[in-house]
Amino acid sequence: MSTLKKQKIEESIPVETSNRQKIVASVPQKGFFGHPKGLFTLFFTEFWERFSYYGMKAILVYYMYYSVSKGGLGIDQQTALAIASVYGALIYMSGIIGGWVSDRLIGPSKSMFYGGVLIMFGHIALAVPGSMTMFFVSMILIILGTGLLKPNISTVLGEMYDINDARRDAGFSIFYMSVNLGAFIAPFIVGTVGMNYNFHLGFGIAAIGMFLALVTYVLTRKKNLGLAGTFVHNPLSQEEKKGTFVKFGLAAVVIAVIATVAIMTGFLTIDRFIALVGILGFVIPTIYFIYMYRSPKTTKEERSHLIAFIPLFLASVMFWSIQEQGSTILAAFADKRTQLDFAGMHINPSWFQSLNPLFIVVFAPIIGALWVKLGKKAPTIPVKFGFGILFAGLSFVVILVPALIGGSGALVNPLWLVLSYFIVVLGELCLSPVGLSATTKLAPAAFSAQMMSMWLLSNAAAQALNAQIVKFYTPATEMTYFGVIGVVAIVLSVILFALSPKIQTFMKDIR
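Let us look at the structure shown here. (Residues numbered from 1 in each chain as written. Predicted model: local features only at pLDDT ≥ 70, side-chain atom pairs only at ≥ 80, totals over all residues. Heavy atoms only, no water.)

**Focus: the overall build of the protein**
Step number 1: A count of helical and extended segments in the protein gives 17 helices and two strands.
Step number 2: The C-alpha radius of gyration computed for the protein amounts to 23 Å, which stays within 12% of the reference 24 Å derived for 511 residues, consistent with globular compactness.
Step number 3: In the protein, buried positions account for 55% of the 511 residues.
Step number 4: Taking contacts inside the protein between residues at least 6 apart in sequence as the whole, the part at least 24 apart equals 83%.
Step number 5: Where the 37 positive side-chain charges of the protein centre and where its 22 negative ones centre are 5 Å apart. (Helix = DSSP H or I, 4+ residues; strand = E, 2+ residues; numbered from the N terminus. Rg over C-alpha atoms; globule rule 2.2 N^0.38 Å. Buried < 20%, exposed > 50% of the residue type's maximum accessible area, 1.4 Å probe, protein only. Contact = heavy atoms within 4.5 Å. Lys, Arg positive; Asp, Glu negative; His and termini not counted. Charge placed at Lys NZ, Arg CZ, Asp CG, Glu CD.)

Spelled out as C-alpha cells, the structure:
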C-alpha cells in the first residue's frame, strides 16, 4: 500500500477509534490472571487508594461527633452525619472536574497521579491534631484529589480492552475486588488505631496508604499500561484554552469572594451549605445530561444510549442513598444502638465498616460466575439494577425486625446489623460492577472520562439527598425512618423491572 493511500485511510478513521486501536495494541494482552498486565497496576493502585479512603471514612463520623475530651471535634451528631454525607457528595461531584481535566487537558494517567498527590496531602492535614481549620483543608484536598483519580482510573481500565473483548466485564469485576480488599482491611487497622489510641494517628496511617498507591502506580505504569491513559480524548484547541482559563479563573475569584462575604456576614451557615449541596447534587447531573445529549459530537446512537442511562442513573441514586448510610446512620447505630460486648469480646464499632467489602470479596466471584454461566439467559442490565435497589430496600426493612421483637429502646444483637450489610451487598453486586462496565459501553466517544464522572455523580446525588434526610433520624423516628426508605426502594425496583424491556431497546446492541 502506498504511503499516501495509507495516510488517507488513517485520516478517515475517527480520532477516538484510532486512539483506542493504538491503546489496545500497546497494552500486553495477558499477564495478570489472563488479563492485560495493566490490570496489576490499576488493581494495587486502587487497593491502596481505597485503603486510605475507607480507613479515613471508618473513623470520620466518630471523630466529628466525639467530644474534645475523647479526641474528637465535639460536633452535634446530626450535624456530623449531615457533614459526612455532604463530604461524600462533594467527593463524587468533583469527578466532573476530574473527567473534564482528563478529557480536555492532560489525559487520565496524569489526572490520576495529581489526584493521588492531593489525596495524600489531605490525609496528612487530617493527621494534624485538634484543628477545625485543618479538617476543612483536608476535605478540600481529598475532594479535589478523588475527583481527579477515581473516574480516570476506571477510564484507563476500560481503555485496556476492546469494546467487544469478552474479558471486559470480568476485568472490571477483578478491579472491583481491589476496591473491596482495601476497604476490608482499612477499618481493622485505621479504625482500631483511631478509636483505641488516637484519631490523628489513624489518619496518618491512611496517608501512608495513599503514598503506597502512588509508589505502585509510578513504578509500574510505563511497563504495564503502555499508551492506556495517555491520550487526551477531546483536547482543547489553543484558542479554547485561552478563553477557558480566563473564564475559570474569573469564576474561581467570584466564588471565593462571594463565599468569603457570605461566611463573614453569617449568611452561609452549615445548614444552608448542606441545603445548597443537596440542590447541586441533582442540578449538576441534569445539566450534564443535557449538555452531552445536545453536543454535536454525540451521534444519534450515542443519544439513544444516554436516554437508556437516565433510569439507570436514578436507580443508582436510590441504591447508593441506602448503601452510603452504612458509614453514617448505621455507623451511629453500631456505636449507640448495638450490643458491642458480644460472644466474649468487645466489638469496635468501626469494624462494621469491613462487613460490606468482606461480603463483596467472598460473593463477587460467585455472582460473576453466575452471570457467565447464564450467558445469554443472564438478566439484562436494567433488570440487574432492579435487583440492586430491591435488595437495598430489604436491607433497611431488616433493621426493623429487632425493634419489633425487643422494643425500640433495647440494644440490638450485632448479627442483625451483619444481616443488613449482607443484604445490601447482594444488591451492590447486581448494580455496581455492572454499572461501571455499562457506563464505559454507553459513553459517547467524546465524553468517555466525563461519562464515568456521571456514573460517580449518581453517588454524589445520593449522598446529597442523604445530607437532607439524615436529619430526620432520631431514636424516636428510627422505625419510620428505616421503614419508609426501605419501602420506597422496593416500590422503585418493581417499577424498574416493568420498564426494563423499554430501557433495553434504547441500549440498542449493548447488553
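**Brief notes about the environment of S109**
Step number 1: In this structure, S109 sits in helix α5 (residues 95-126).
Step number 2: Classification of S109 by relative accessible area gives buried; the value is 11%.
Step number 3: Linking S109 and V232, residues 123 residues apart in sequence, is a C-alpha distance of 9.7 Å.
Step number 4: A distance of 2.5 Å separates a polar atom in the side chain of S109 from a polar atom in the side chain of Y217. (Polar contact = N/O pair within 3.5 Å; in protein donor to acceptor, adjacent residues only side chain to side chain.)

**Digging into the nonpolar core**
Within soluble globular proteins, side chains that are nonpolar generally end up buried alongside one another.
Step number 1: If you look at the biggest cluster of nonpolar residues, it comprises 131 residues, and the most contacted ones within it are L42, M64, F385, M454, W455, Y481 and F482.
Step number 2: When sequence neighbours within four positions are dropped, the list of residues in contact with M64 reads L73, G74, I75, A80, I83, A84 and F135.
Step number 3: With six residues, the next largest nonpolar core counts L149, M210, A213 and L214 among its residues. (Core = buried A, V, L, I, M, F, W, Y, C linked by side-chain atoms within 4.5 Å.)

**Thoughts on the packing of helix α3 (residues 38-65) against helix α4 (residues 77-93)**
Step number 1: Direction vectors running N to C along α3 and α4 enclose 155°, while the axes themselves pass 8 Å from each other. The angle between α3 and α4 falls in the class roughly antiparallel. Crossing angle aside, the handedness with which α3 passes α4 is right-handed. Across the interface between the two elements, R50, Y53, M56, L60, V61, M64 and Y65 from α3 touch Q77, A80, L81, I83, A84, Y87, I91 and Y92 from α4.
Step number 2: Its residues assigned to classes, the contact of α3 with α4 comprises 13 nonpolar, one polar and one charged. (Axes fitted to C-alpha atoms, helices over the stretch in contact; angles between N-to-C directions. Parallel < 35°, antiparallel > 145°, perpendicular 65-115°, else oblique. Left-handed = near helix turned anticlockwise from the far one by under 90°. Nonpolar A, V, L, I, M, F, W, Y, C, P; charged D, E, K, R; others polar.)

**Considerations on the side chain of S138**
Step number 1: By the secondary structure assignment, S138 is in helix α6 (residues 132-159).
Step number 2: In this structure S138 comes out as buried when scored by relative accessible area, which is 1%.
Step number 3: When residues no more than four places from it in sequence are discounted, the contact partners of S138 are Y87, G122, A125 and L126.

**Looking at a nonpolar patch on the surface**
Step number 1: Taken together, the side chains of V484, V487, V488, V491, L492, I495 and L499 make up a nonpolar region of the molecular surface, amounting to roughly 560 Å² of accessible area.
Step number 2: Mapped onto the fold, L492 is located in helix α17 (residues 478-506).
Step number 3: The exposure class assigned to L492 is partly exposed, which follows from its relative accessible area of 34%. (Patch = residues over 30% accessible without salt bridge, like charges linked within 9 Å, V, L, I, M, F, W, Y side chains within 5 Å. Areas by Shrake-Rupley, 256 points an atom, 1.4 Å probe, with all protein chains shown as cover. Salt bridge = Lys/Arg side-chain N within 4 Å of Asp/Glu carboxyl O.)

**A word on the packing of aromatic side chains**
Within a pair of aromatic rings, the relevant descriptors are the distance that separates the centres and the angle that separates the planes.
Step number 1: Scanning the model with the defined rule gives 30 aromatic pairs in all.
Step number 2: Note on Y63 and F203: the rings are 5.3 Å apart at their centroids and 75° apart in plane angle, and the pair reads as edge-to-face. Of this pair, Y63 sits in helix α3 while F203 sits in helix α8 (residues 199-225), and the two are 140 residues apart along the sequence. We note that Y63, like F203, is buried.
Step number 3: Between the aromatic rings of F113 and Y114, the centroid separation amounts to 5.7 Å while the plane-to-plane angle is 65°, which identifies the pairing as edge-to-face. (Phe/Tyr/Trp six-rings, centres within 6.5 Å; stacked < 30°, edge-to-face > 60°.)

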